[in-house]
Number of protein chains: 2
Amino acid sequence: MEIKVLHNILEVNDRAADEVRATLAAAGVTVFNLIGGPGTGKTSLLEQVIPRLLDRRRVAVLEGDIATTRDAERIGALGVPVVQLLTGGGCHLEAVLIAKALEEFDLDALDIVFVENVGNIACPAEFDLGETAKVAVLSVTEGDDKPAKYPLLFHEMSALVLGKTDLLSLTDFDPERFERDVRGLNPKAPIFPLSCRTGEGVDSFAQWLEALHEGREPAVRPRADGDSSW
Amino acid sequence: MEIKVLHNILEVNDRAADEVRATLAAAGVTVFNLIGGPGTGKTSLLEQVIPRLLDRRRVAVLEGDIATTRDAERIGALGVPVVQLLTGGGCHLEAVLIAKALEEFDLDALDIVFVENVGNIACPAEFDLGETAKVAVLSVTEGDDKPAKYPLLFHEMSALVLGKTDLLSLTDFDPERFERDVRGLNPKAPIFPLSCRTGEGVDSFAQWLEALHEGREPAVRPRADGDSSW
């Protein structure tokens, strides 16, 4: 009985996700589902990236949180349409919520929608939202062992943002160990080390977002051996 | 139907938690359930605190993770009994797992058991493990807005560890705003600012753990206005 119900929950979600995907395809809208732990810097990343896109792209944001509208207020200050999704305790977003929220936008007037998931690197990775790509967001202050310990997200992601690199020298984060673990789970997704504080690395990530939106080959940032830029 | 099943899951958990509580009470063992996001520093906290307790207290650890035995290896290096609980995808620990794991220990030979929950500040707070106290673990690099955004944990906790204070000056973390939000959810739980890197503040937290184990009034650290020690 329990298995059947869980099965139905995922089935209902997958059906809603397929509908979201079809709606987005018809409107030519690209959706990035940002997944990362609490305080990893997802909202700060949007605050950095969105202004870099706005002269060429029409952007909107769905802000997922358990409580408060604080993140939506921060995004609203950028002058882009934003809807706050409150799960009221739920630890992840589901596709049916996304479908409902997208009705608030004129999709024909948009190019890119960012979904900021609830701060959690476990559950959100299990739910297909109909997004174009999942982007994992992690920061160096969280440690290099997170991919190995929370493997699903790093397996599912299309790209990985590694933030707070301005604090790297103050941590024990080992970039080589980190990359080895990531590559064991996901051989191809590009890794974007960046700092929302200094702005370093944000342009590369913004270029990847646009390349994916345009259907060009994702701009994979090759990481040659001995590259010590982060 | 779905509601009934969810109801049963929580009922089953609560029954197992009551059994754990009775077992622990009979053995005189105190259990601290550490709940915090991924990379907030839960394992590092144990690495700092356990050596401070070992000359007077017999300690063991249950390490909860989705995958890998890395944390159990770090704790094992301290020379205390440790069991790694792997959820295999699950985003939180449940009481039935704790009951099973405690069978691995000789409880009469223990004083304090730490449970390190899966790195997640949403779901684990919903599950009673039969613990003596929930301890919330957060770090300044995650931002001062987390209590308001993930209220359940901060409502349920008996104490709050605020880690990585050595990085405070490099962040936008506002201690006053943080404390105001915490107090709105939980007027009494003591807050322990500390740094596992410098060791500052760890002794106060260790003293609180022992006071709770001994049944003395928890050593609430008064935070007078204008206290700028963190």
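Just above sits the structure.
Presented here is an overview of the structure given in this document. Because the structure is a prediction, the values reported are computed rather than measured.

Here's the deal with the sheet that holds strand S2 (residues 59–65) of chain B
Residues and elements named next belong to chain B. Across the sheet, seven strands lie side by side as S3-S2-S4-S1-S5-S6-S7; this open sheet has parallel pairing. Here the strands that pair on one side only, and so sit at the sheet edges, are strand S3 (82–86) and strand S7 (191–193). The sheet shows a mean angle of 20° between the axes of neighbouring strands, taken without regard to direction. Relative to S3, S2 runs parallel, the two being bridged by five bridges. Paired with Glu63 across the bridge in S3 is Gln84. Here helix H4 (residues 95–102) sits on the sheet and contacts S2, S3 and strand S4 (112–116); the angle it forms with S3, its principal contact strand, is near 150°.

Side note on helix H8 (residues 202–214) of chain B
Between its first and last C-alpha atoms H8(B) spans 19 Å; for 13 residues at 1.5 Å apiece the expected length is 18 Å, and the two agree. Taken residue by residue, H8(B) has Val202(B), Phe205(B), Ala206(B), Trp208(B), Leu209(B), Glu210(B), Ala211(B), Leu212(B) and His213(B) as its buried positions.

Considering the packing of helix H2 (residues 42–53) of chain A against helix H8 (residues 202–213) of chain A
Residues and elements named next belong to chain A. Axis separation between H2 and H8 bottoms out at 10 Å; the angle between their running directions is 65°. Crossing handedness for the pair H2 and H8: right-handed. Residue-level inspection shows Leu45, Gln48, Val49, Arg52 and Leu53 of H2 in contact with H8, the latter providing Val202, Asp203, Phe205, Ala206, Leu209 and Glu210. Residues belonging to the contact of H2 with H8 are distributed by class as follows: seven nonpolar, one polar and three charged.

Some remarks on the sheet that holds strand S4 (residues 112–116) of chain A
Residue and element names in this part refer to chain A. Read across the open sheet, the seven strands follow the order S3-S2-S4-S1-S5-S6-S7; overall the sheet is parallel. Strands at the two margins of the open sheet, each flanked by one partner only, are strand S3 (82–86) and strand S7 (191–193). Recorded for the sheet is a direction-independent mean angle of 20° between the axes of neighbouring strands. Pairing between strand S6 (residues 159–163) and S7: three bridges, direction parallel. The residue of S7 that forms the bridge with Val161 is Phe192. Here helix H4 (residues 95–102) sits on the sheet in contact with strand S2 (59–65), S3 and S4, set at roughly 150° to S3.

Here we look at the relation of the copies chain A and chain B
Once turned by 180° and shifted 0.0 Å along the axis, chain A lies on chain B with an RMSD of 0.0 Å. What the superposition gives is, in effect, a two-fold axis relating one chain to the other. Of the interface residues in chain A, 100% have counterparts in chain B that sit at the interface too, so the contact is made through matching surfaces.

Observations concerning the nonpolar core
Counting 68 residues, the largest nonpolar core has Leu160(A), Leu62(B), Ile98(B), Leu102(B) and Leu160(B) as its most contacted members. In this structure, Leu62(B) is in contact with Val83(B), Leu85(B), Ile98(B), Ala101(B), Leu102(B), Phe105(B), Val113(B), Phe114(B), Val115(B) and Glu116(B), ignoring residues within four places of it in sequence.

Things to note about empty space enclosed by the protein
Under the criterion given, the structure shown has one cavity of 30 Å³ or more. Here the lining of the largest cavity is built from residues that sort into two nonpolar, eight polar and four charged.

A few points about the state of the cysteines
Using the criterion set out here, one finds zero disulfides over all chains in the structure. We note that Cys123(B) lacks a disulfide partner, and the nearest cysteine sulfur, in Cys91(A), lies 3.1 Å from it.

A short note on the pattern of salt bridges
Residues and elements named next belong to chain B. Inspection of every chain in the model, using the stated rule, returns 36 salt bridges over all chains. Across the pair Asp111 and Arg58 runs a salt bridge, and its minimum N-O distance is 3.1 Å. In this pair, Asp111 is assigned in the loop between H4 and S4 and Arg58 in the loop between helix H2 (42–53) and S2, connecting sequence segments 53 residues apart. Relative accessible area serves as the criterion here: at 11%, Asp111 is assigned to the buried category. For Arg58, a relative accessible area of 41% puts it in the partly exposed group.

Let's talk about the environment of Thr132(A)
Residues and elements named next belong to chain A. In this structure, Thr132 sits in the loop between S4 and strand S5 (133–139). A C-alpha to C-alpha distance of 6.0 Å links Thr132 and Phe32, two positions 100 residues apart in sequence. Setting aside chain neighbours within four positions, we find Thr132 in contact with Val29, Thr30, Val31 and Leu212. At 2.8 Å, the side chain of Thr132 forms a polar contact with the backbone nitrogen of Val31.

Focus: the packing of aromatic side chains
All names here are of chain A. In the structure shown here, the tally under the stated rule is 12 aromatic pairs over all chains. Taking 6.0 Å as the distance between ring centres and 55° as the angle between the ring planes, the aromatic pair formed by Phe192 and Trp208 counts as tilted. One end of the pair, Phe192, is in strand S7; the other, Trp208, is in helix H8, and 16 residues separate them in sequence. Taken individually, Phe192 and Trp208 each receive the classification buried, so the pair is uniform in this respect. Pairwise contacts between aromatic rings join Phe32, Phe114, Phe192, Phe205 and Trp208 into one cluster.

Reading guide: rules and limits
- Residues numbered from 1 in each chain as written.
- Chains lettered and ligands numbered in written order.
- Predicted model: local features only at pLDDT ≥ 70, side-chain atom pairs only at ≥ 80, totals over all residues.
- Heavy atoms only, no water.
- Pairing = 2+ DSSP bridges.
- Helix = DSSP H or I, 4+ residues; strand = E, 2+ residues; numbered from the N terminus.
- Axes fitted to C-alpha atoms, helices over the stretch in contact; angles between N-to-C directions.
- Contact = heavy atoms within 4.5 Å.
- Expected span 1.5 Å × (residues − 1).
- Buried < 20%, exposed > 50% of the residue type's maximum accessible area, 1.4 Å probe, protein only.
- Left-handed = near helix turned anticlockwise from the far one by under 90°.
- Nonpolar A, V, L, I, M, F, W, Y, C, P; charged D, E, K, R; others polar.
- Least-squares fit on C-alpha atoms with pLDDT ≥ 70 in both.
- Core = buried A, V, L, I, M, F, W, Y, C linked by side-chain atoms within 4.5 Å.
- 1 Å grid on protein atoms, 1.4 Å probe; cavity = no way out; pocket = protein on both sides within 12 Å on 5 of 7 lines; lining within 4 Å.
- Points joined across faces, edges and corners; volume = space filled by probe spheres on them.
- Disulfide = S-S within 2.5 Å.
- Salt bridge = Lys/Arg side-chain N within 4 Å of Asp/Glu carboxyl O.
- Polar contact = N/O pair within 3.5 Å; in protein donor to acceptor, adjacent residues only side chain to side chain.
- Phe/Tyr/Trp six-rings, centres within 6.5 Å; stacked < 30°, edge-to-face > 60°.

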